[in-house]
Amino acid sequence: MNIAVFVAVLFAAACHAGWNAAIKRGLDPLGTTMAISIGAAVVAALLVPIFGWPAGAAWPWCIASVLIHLIYFAALIESYRAGDMGQVYPIARGFAPLLTAAATTLFIGERLGMLGWGGILLLVAGVMLLSLQEGRGLARLDRRAVGFSLFTAVTICAYSVVDGIGARLAGNASAYSVTLFLGIGPVLVIYALARNRHAAVAAMWGHWRIGLAGGTLQLGSYGIAIWAMTVAPIALVAALRETSVLFGAAIAVVFLKEPLRASRILGALTIGAGLTLVRLH
């Protein structure tokens, strides 16, 4: 993988961890999701005159991705309602790169080789080590939470593959990204209003600053990943995005003064080994 792409995706992962840490201000999952989606859509609308629209061949993929993202957000919200974040997050984010690697191998013909597969497996193992130690443990996994988490992983795989293909057909990855987020925002608002009108309205008017800041970082973070998928294997980019867990753990230790446990050190070392293999691929 080209060093510029490698560093850019790691930067995107750091942004992802940053806005996740910044928005934990007491909103429920539905309100948080909707506020950020509106913020991202507003920023995307301002960028359309700069980047323009994607090529016609990319529009079916973009529309499909908007619908998949709706299903993804719905599944993720239900996952967090059913189980702890320490259970849900590692399952959803840990299994997604493996599913994506399998899907791109079978349907797109991307060949990762031993180094690529080894890097993905180590990254996934590191994500699990960093995340599971915060949860209730494997012995007390809630079946409903696990089911929604696995379904969330499937949706992450689906939108990663769809966006990778769509961005390659768009002729301009940035145009594809702003169009995608411009579509996701209104769809999420409709969904949120249908689910809980009171919480949705409160999030829109009471937390617009958080939504705008989080949406800007969300658009930038995933926009970089979408661009990277046009110049590098989709599965490797999807796996590198999950290093956001490592940056999140660093934020928790340095700024939130959480303890530096042995599992965190082992997880960080495992992710480091995975990054090395991915870089050498």
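Residues numbered from 1 in each chain as written. Predicted model: local features only at pLDDT ≥ 70, side-chain atom pairs only at ≥ 80, totals over all residues. Heavy atoms only, no water.

J.: Looking at this model, I keep getting lost on the overall build of the chain. Mind explaining?
T.: Within the chain, the secondary structure is distributed over 12 helices and zero strands. When the helices and strands of the chain are listed from N to C terminus, the series reads α-α-α-α-α-α-α-α-α-α-α-α. Each of the 281 residues in the chain was classed as buried or not, and the buried ones make up 49%. As displayed, the chain has an accessible area near 12300 Å², and 72% of this comes from carbon and sulfur atoms. (Helix = DSSP H or I, 4+ residues; strand = E, 2+ residues; numbered from the N terminus. Buried < 20%, exposed > 50% of the residue type's maximum accessible area, 1.4 Å probe, protein only. Areas by Shrake-Rupley, 256 points an atom, 1.4 Å probe, with all protein chains shown as cover.)

J.: For this particular structure, what's the right way to read the pattern of salt bridges?
T.: Scanning the entire structure with this criterion turns up one salt bridge. Here glutamate 110 ties to arginine 168 by a salt bridge, and the two come within 2.9 Å at their closest N and O atoms. Separated by 58 residues along the polypeptide, glutamate 110 in the loop between helix H4 (85-108) and helix H5 (113-132) and arginine 168 in helix H6 (residues 143-170) bring together distant segments of the chain. A relative accessible area of 36% places arginine 168 in the partly exposed class. (Salt bridge = Lys/Arg side-chain N within 4 Å of Asp/Glu carboxyl O.)

J.: Would you take a moment to explain the nonpolar core for this structure?
T.: One recurring pattern in soluble globular proteins is that nonpolar side chains are buried together. In terms of nonpolar packing, the biggest core is built from 64 residues, with Met1, Tyr176 and Leu240 touching the most fellow members. The dominant element in this core, judged by the number of residues it contributes, is helix H7 (residues 173-195), at 10 residues. (Core = buried A, V, L, I, M, F, W, Y, C linked by side-chain atoms within 4.5 Å.)

J.: It is not clear to me how a nonpolar patch on the surface should be interpreted in this structure. Could you clarify?
T.: The grouping of Ile71, Phe95, Leu99, Leu150, Phe151 and Val154 at the surface amounts to a nonpolar patch, some 490 Å² of accessible area in total. Listed by contribution, the elements that provide at least two residues to the nonpolar patch are H4 and H6. In terms of residues, the nonpolar patch owes the most to one element, H6, which gives three residues. Relative to the assigned elements, phenylalanine 95 resides in helix H4. You can call phenylalanine 95 partly exposed: its relative accessible area is 38%. (Patch = residues over 30% accessible without salt bridge, like charges linked within 9 Å, V, L, I, M, F, W, Y side chains within 5 Å.)

J.: How do you make sense of the packing of helix H3 (residues 59-82) against H7 when you look at a structure like this?
T.: Any two packed helices are characterised by how steeply their axes cross, that is the angle between the axes, and by the distance between the axes. Two elements in contact, H3 and H7, have axes separated by 9 Å at closest approach and are oriented at 45 degrees. When the interaxial angle is binned, H3 and H7 end up oblique. Two packed elements cross with a definite hand, and for H3 against H7 that hand is right-handed. Taking contact as the criterion, the partners of Trp59, Trp61, Cys62, Ser65, Val66, His69, Leu70, Phe73, Ala74, Ile77, Glu78 and Arg81 in H3 are, on H7, Tyr176, Thr179, Leu180, Gly183, Ile184, Val187, Leu188, Tyr191 and Arg195. Broken down by class, the residue content of the contact of H3 with H7 amounts to 14 nonpolar, four polar and three charged. (Axes fitted to C-alpha atoms, helices over the stretch in contact; angles between N-to-C directions. Parallel < 35°, antiparallel > 145°, perpendicular 65-115°, else oblique. Left-handed = near helix turned anticlockwise from the far one by under 90°. Contact = heavy atoms within 4.5 Å. Nonpolar A, V, L, I, M, F, W, Y, C, P; charged D, E, K, R; others polar.)

J.: Any chance you could explain the side chain of threonine 100 here in plain terms?
T.: Within the secondary structure, threonine 100 is located in helix H4. For threonine 100, the contacting residues outside a window of four places in its chain are Cys157, Ser160, Val161, Ile234, Ala235 and Ala238.

J.: It is not clear to me how the environment of alanine 41 should be interpreted in this structure. Could you clarify?
T.: In this fold, alanine 41 is placed in helix H2 (residues 29-51). Along the sequence, alanine 41 and phenylalanine 181 sit 140 residues apart, while their C-alpha atoms lie 5.3 Å from each other. Once residues within four sequence positions are removed from consideration, alanine 41 is found in contact with Phe181, Leu182 and Gly185.

J.: When you look at the packing of aromatic side chains in this model, what are you seeing that I'm missing?
T.: Pairs of aromatic rings are described using the distance from one ring centre to the other and the angle between the two planes. This structure, assessed with the given rule, holds five aromatic pairs. Ring plane angle 75 degrees and centroid distance 6.2 Å describe the contact between phenylalanine 181 and tyrosine 222, whose orientation is recorded as edge-to-face. Of this pair, phenylalanine 181 sits in helix H7 while tyrosine 222 sits in helix H9 (residues 208-228); the two residues are 41 residues apart in sequence, bridging distant segments of the chain. Three or more aromatic residues link up through ring pairs in this structure, and these residues are Tyr72, Phe73, Tyr159, Phe181 and Tyr222. (Phe/Tyr/Trp six-rings, centres within 6.5 Å; stacked < 30°, edge-to-face > 60°.)

J.: Quick question: what am I supposed to make of the side chain of serine 160 here?
T.: Relative to the elements of secondary structure, serine 160 occurs in helix H6. Serine 160 sits in the buried class, given a relative accessible area of 4%. A distance of 2.7 Å separates a polar atom in the side chain of serine 160 from the backbone oxygen of isoleucine 156. (Polar contact = N/O pair within 3.5 Å; in protein donor to acceptor, adjacent residues only side chain to side chain.)

J.: For this particular structure, what's the right way to read helix H12 (residues 262-280)?
T.: Because an α-helix packs 3.6 residues into every turn, residues spaced three or four apart end up facing the same way. The end-to-end C-alpha distance of H12 is 27 Å, a good match for the 27 Å that 19 residues give at a rise of 1.5 Å each. All buried positions along H12 are accounted for by Arg264, Gly267, Thr270, Ile271, Gly274, Leu275 and Val278. Angularly, the buried residues of H12 cover 145 degrees about the axis, an arc narrow enough to put them on a single face. Turned more than 90 degrees from where H12 packs its buried face, Ala262, Leu269 and Leu280 sit exposed. (Expected span 1.5 Å × (residues − 1). Arc of directions from axis to C-beta.)

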